[in-house]
Amino acid sequence: MDSTFWHDRWARNQIGFHLPEVNPYLQRHWPGLGLASGVGVLVPLCGKSLDLVWLANQGHRVLGVELSEKAIEEFFQEQRLVAQVSQRGSFKVYQAGAIELWCGDFFELSREDVAGCTALYDRAALIALPTLMRERYAAHLQAIAPQVDSGLLISLDYEQALKAGPPFAVSDDEVRGLLGVHWRLSVLEQWDILAESPKFAQGGVTRLEERVYRLAPL
């Protein structure tokens, strides 16, 4: 899987991972993190998610990272926001108010780029990546953002052999193995959402568990 895969998905509008509403888990559990207004939130592989607007409306500064410029441009168009565009290293940065969307490769982010972020929101990053890239993602995240001390992570778990990703299956053991070295992980919710996911059921998947994790300092 490389950048061409995701550019093609956006070009063909094959974006079933995009939710047309704010994620309900985010709305339920983010307030429980007790974060102060003004805290910077890092959102990897953010797409054009409405969650970005919701986080900004809670008083946060939002730094989203997205490979597809089409996704970023659609976000600002759909939200009727006029973005200022600048270049920061290899990234093209779109900013409007408290929202900055960095167009480029997440793996090229530096510690300096995300120094202002002390919280993380990952709804669709970890599960968007195959095994080896998940390992690289977790290692890079912890290398560039050691100051992040809270956040939410949403994962999916199912029998990977029954259906090809993305989204990929990431077990509880794998989540803890990848991120548990740096953060304490608590499961806030866990549901089998197979009944709401006909494409998985039609593919022969018999369980589709969605988990919401809270990240906290060790």
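Look up: the structure comes first, before these words.
In this text, all values refer to a predicted model and were calculated from it rather than measured experimentally. (Residues numbered from 1 in each chain as written. Predicted model: local features only at pLDDT ≥ 70, side-chain atom pairs only at ≥ 80, totals over all residues. Heavy atoms only, no water.)

Draft legend 1. Focus on the packing of aromatic side chains. Enumeration over the complete set of coordinates arrives at 7 aromatic pairs. Ring geometry for F75 against F76: centres 5.1 Å apart, planes inclined by 85°, an arrangement best described as edge-to-face. Taking relative accessible area as the criterion, F75 reaches 0% and is therefore assigned buried. A network of ring pairs unites the aromatic residues F75, F76 and Y94 as a single cluster. Its end group placed over the ring of F107, R136 keeps NZ or CZ at 3.9 Å from the ring centre. For K163, the ring lying beneath its charged end belongs to F200, and the centroid distance is 4.8 Å. (Phe/Tyr/Trp six-rings, centres within 6.5 Å; stacked < 30°, edge-to-face > 60°. Buried < 20%, exposed > 50% of the residue type's maximum accessible area, 1.4 Å probe, protein only. Lys NZ or Arg CZ within 6 Å of the ring centre and 35° of its normal.)

Draft legend 2. Local environment of the sheet that holds strand 5 (residues 99–103). Across the sheet, which stays open at both edges, the 9 strands sit in the order 3-4-5-2-1-6-7-9-8 with mixed pairing between neighbours. Bordering the open sheet on either side are strand 3 (84–88) and strand 8 (183–192), each of which pairs with just one other strand. Ignoring which end each strand starts from, the neighbouring axes of this sheet average 25° apart. (Pairing = 2+ DSSP bridges. Helix = DSSP H or I, 4+ residues; strand = E, 2+ residues; numbered from the N terminus. Axes fitted to C-alpha atoms, helices over the stretch in contact; angles between N-to-C directions.)

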